[in-house]
Amino acid sequence: RKIWGECETAEQLLQDCAPTRALHPDVLQYIVDKELYVADEFQDAVGDDLDSDADADAPSTPTKDLGYLGSISRKFAGMTTEPSAYFSRDKSFTDAKDRHGLLTESRPLIGKEVDVHEHIKAAVPRDEFTSFKALPYELFDRAIRTELQNHPPGKWSADKAKKYAFMSAERVRVVLQWRKDNKVDELLTGGILPYSDCMYTNWPAFVHGQDSYGHPVLCEHPSAVKPDALKARMTVDEIMRHRIQVMETLEFMKSTSQRAHTVYKHICVIDLEGVTMSLFTGDVKSFLTEFVKLLTHRYTDSLHLMYLVNTPVVFRVMWAMLMPLLSTTTKSKIFMFGVGPNQSKKLAKQLARHGIGQECVPPCAGGTHKGTRMDDYIREAVTLHKRLNEHVK
């Protein structure tokens, strides 16, 4: 490989070319170790348009192509390593409880949401509207709320109601067709899928307790995922179908909540201890991209809160680039914490503020709940689903 410019070693490149304090020393060392200073390597990892904000009118002068260093240093000069700096400060969306103590998910459609609902009813054929309403887990209402939350409409009018009705209907059509194509309604009637032990040994996920409102707490450990072991026995489609069954199980279990109010959201704790840049490259990156699409587009508005815990500096560098891709609504639900006593205290304080007790969160987030492995949780849901169907018959 050839390093651009006159520098003979990567270390010299760092000393001569990296802006002072532009990146944390640990990140710079990681770049050297993984040879991410080579331009085409970084292009593969994060895309081709990182420098799209470069000054097009700047005079053309001979410069060194520093790959990762040249672009990321310009973009994140002076970047802090304090995790709280990556919290969303935009409070344009706040899911506050009403005077009855209910969150949005537990209330019927109101105001603009009703306007959109009525415009959809008037615009689509009756049979199609009936199929919209028949979707489980309030998915129709959630689609309407998602469009209004992700794209705040400002001053309301009949024309805007029609526009949001069109966007919401399109979102619902995609979900309906996807559920039909993937036979999602059969996922709880046929039992747990084959290779479940392989799946949840090599992609461990656990369900812990519930917060004070009734939201279940799901915990994932990305560094424990073993893609090679999974692909040795399963196809990518089979792995994704397991993840669809996970989401369908969560939705079903939330729908059978014994709370007096509706609950259709859950809390995610993502333990990022040990995560490296490889999480954002190759097959893992492609798979995670499809997984994110599953969460955000097929089970819209399912996330109540997300806690990213034990975050390494390298992850925060990548997160700073991913943040602009997320909607304001999603960003407002995400909280990030690093490692160490100070971060643990901040995490505990934030959990308490959200009504999440230590008894219902995993040890990686300072809690005491050991959790139920996902395959056991799915079996429990399948059994309950069968009993309920037999009772109805």
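Refer to the preceding data block for the structure.
Note that the structure is predicted; figures quoted are calculated from it, not measured. (Residues numbered from 1 in each chain as written. Predicted model: local features only at pLDDT ≥ 70, side-chain atom pairs only at ≥ 80, totals over all residues. Heavy atoms only, no water.)

Engineer: I'd like a description of the overall build of the protein, backed by residues and values.
Structural biologist: Helix and strand counts for the protein come out as 16 helices and six strands. Taking all 393 residues of the protein together, the buried fraction comes to 47%. The contacts of the protein with a sequence gap of at least 6 include a subset with a gap of at least 24, amounting to 78%. For the protein, the exposed surface amounts to about 20,500 Å²; the carbon and sulfur share of it is 52%. (Helix = DSSP H or I, 4+ residues; strand = E, 2+ residues; numbered from the N terminus. Buried < 20%, exposed > 50% of the residue type's maximum accessible area, 1.4 Å probe, protein only. Contact = heavy atoms within 4.5 Å. Areas by Shrake-Rupley, 256 points an atom, 1.4 Å probe, with all protein chains shown as cover.)

Engineer: Describe the side chain of E220, with residues and values.
Structural biologist: Relative to the elements of secondary structure, E220 occurs in strand β2 (residues 216–220). Judged by its relative accessible area of 7%, E220 is buried. A polar atom in the side chain of E220 sits 2.5 Å from the side chain of R243. Filtering out sequence-adjacent residues up to four positions away, E220 remains in contact with W203, P204, A205, R243, V269, I270, D271 and F291. (Polar contact = N/O pair within 3.5 Å; in protein donor to acceptor, adjacent residues only side chain to side chain.)

Engineer: Explain helix α8 (residues 158–181) residue by residue, including any values.
Structural biologist: Three or four residues apart is the spacing at which side chains of an α-helix point the same way, because the helix has 3.6 residues per turn. Spanning 24 residues, α8 covers 34 Å between terminal C-alpha atoms, matching the ideal 34 Å at 1.5 Å per step. A positive backbone phi angle near 50° is found at K183, which sits one or two residues after α8. (Expected span 1.5 Å × (residues − 1).)

Engineer: Explain the packing of aromatic side chains to me, and be specific about the residues and the numbers.
Structural biologist: All chains considered together, the criterion is met by six aromatic pairs. Where W178 meets Y299, the ring centres are 5.7 Å apart and the plane angle is 85°; that geometry is what we call edge-to-face. Of this pair, W178 sits in helix α8 while Y299 sits in the loop between α12 (282–298) and β4 (303–309), and the two are 121 residues apart along the sequence. For the pair W178 and Y299, one class covers both residues: buried. (Phe/Tyr/Trp six-rings, centres within 6.5 Å; stacked < 30°, edge-to-face > 60°.)

Engineer: Hey, could you go over the nonpolar core for me, with residue numbers and the actual values?
Structural biologist: Counting residues in hydrophobic clusters, the biggest one holds 61 residues, and the most contacted among them are I120, L294, L308 and M374. At eight residues, helix α11 (residues 236–255) tops the list of elements feeding residues into this core. V269, F337, C360 and C364 belong to the second-largest nonpolar core, a separate cluster that totals 16 residues. (Core = buried A, V, L, I, M, F, W, Y, C linked by side-chain atoms within 4.5 Å.)

Engineer: Which residues make up the pattern of salt bridges, and what values do they have?
Structural biologist: All chains considered together, the criterion is met by 17 salt bridges. Residue R145 pairs with E113 through a salt bridge whose shortest N-O separation is 3.5 Å. Of this pair, R145 sits in helix α7 (residues 139–150) while E113 sits in helix α5 (residues 112–123), and the two are 32 residues apart along the sequence. Taking the relative accessible area as the measure of exposure, R145 reaches 2% and is therefore buried. A single network of salt bridges, built from pairs that share partners, joins D197, R373, D375, D376 and R379. (Salt bridge = Lys/Arg side-chain N within 4 Å of Asp/Glu carboxyl O.)

Engineer: Account for the pairing of β2, naming residues and giving values.
Structural biologist: Of all the five residues making up β2, five are buried; the element is thus mostly covered by neighbouring parts of the structure. Judged by which residues are buried, β2 turns out to be covered on both faces: P216, L218 and E220 on one side and V217 and C219 on the other are all buried. Pairing analysis gives four bridges linking strand β1 (residues 205–210) to β2, with the strands arranged antiparallel. Its bridge partner lying in β2, A205 is registered against E220. In this antiparallel pair of consecutive strands, β1 and β2, the connection spans five residues, and G214 shows a positive phi of 115°. Summarising the sheet, β2 and strand β3 (residues 266–271) pair through four bridges and their orientation is parallel. When the bridges of β3 are listed, C219 appears paired with V269. (Pairing = 2+ DSSP bridges.)

Engineer: Before we move on, could you go through the sheet that holds strand β5 (residues 334–336) and cite the residues and values that matter?
Structural biologist: Strands pair in a sheet through their backbones, by hydrogen bonds, and they do so in one of two ways: parallel or antiparallel. An order of β5-β4-β3-β2-β1-β6 is seen for the six strands of this open sheet, with the pairing classed as mixed. Every interior strand has two partners, whereas the edge strands, β5 and β6 (372–373), have only one. Here β4 runs beside β5; their pairing, made up of three bridges, is parallel. Bridged to L308 within β5 is M336.

Engineer: Describe in detail the packing of α7 against α8, supporting the description with residues and values.
Structural biologist: The interhelical angle for the contact between α7 and α8, taken along N-to-C directions, is 135°, at an axis separation of 9 Å. Overall, the two elements α7 and α8 adopt an arrangement that is oblique. Pair α7 / α8 crosses with right-handed handedness. Residues L139, F140, A143, I144, T146, E147, L148 and N150 of α7 form the contact with α8, whose own contacting residues are Y164, M167, S168, R171, V172, V175 and R179. Split into classes, the residues belonging to the contact of α7 with α8 amount to nine nonpolar, three polar and three charged. (Axes fitted to C-alpha atoms, helices over the stretch in contact; angles between N-to-C directions. Parallel < 35°, antiparallel > 145°, perpendicular 65-115°, else oblique. Left-handed = near helix turned anticlockwise from the far one by under 90°. Nonpolar A, V, L, I, M, F, W, Y, C, P; charged D, E, K, R; others polar.)

Engineer: Residue-level account of the pairing of β1, with values.
Structural biologist: In this sheet, β6 lies alongside β1 in antiparallel orientation, the contact comprising two bridges. Its bridge partner being in β6, V207 is matched across the sheet by T372.

Engineer: Go over unusual backbone geometry with me, naming the residues and quoting the values.
Structural biologist: Residues other than glycine seldom take positive phi values, yet E138 does so here, at roughly 60°. Inspection of the secondary structure assignment puts E138 in the loop between α6 (126–133) and α7. Even without glycine at this site, K183 takes up a positive phi of about 50°. Following the sequence through the fold, K183 ends up in the loop between α8 and α9 (196–202).

Engineer: I'd love a proper account of the side chain of S332, names of residues and values included.
Structural biologist: Inspection of the secondary structure puts S332 in the loop between α14 (328–331) and β5. Polar contacts involving the side chain of S332 include one to the main-chain carbonyl oxygen of T329, which spans 2.6 Å.

Engineer: Got a sec to walk through α5? Specific residues and values, please.
Structural biologist: In this model α5 runs 16 Å from its N-terminal to its C-terminal C-alpha over twelve residues, within 8% of the 16 Å that 1.5 Å per residue would give. For α5, the complete set of buried residues consists of E113, V116, H117 and I120. Across the axial projection of α5, the buried residues extend over an arc of 100°, all falling on one side. Where α5 is buried, its residues contact α6, α7 and α8. (Arc of directions from axis to C-beta.)

Coordinates in, geometry out; function isn't part of it.
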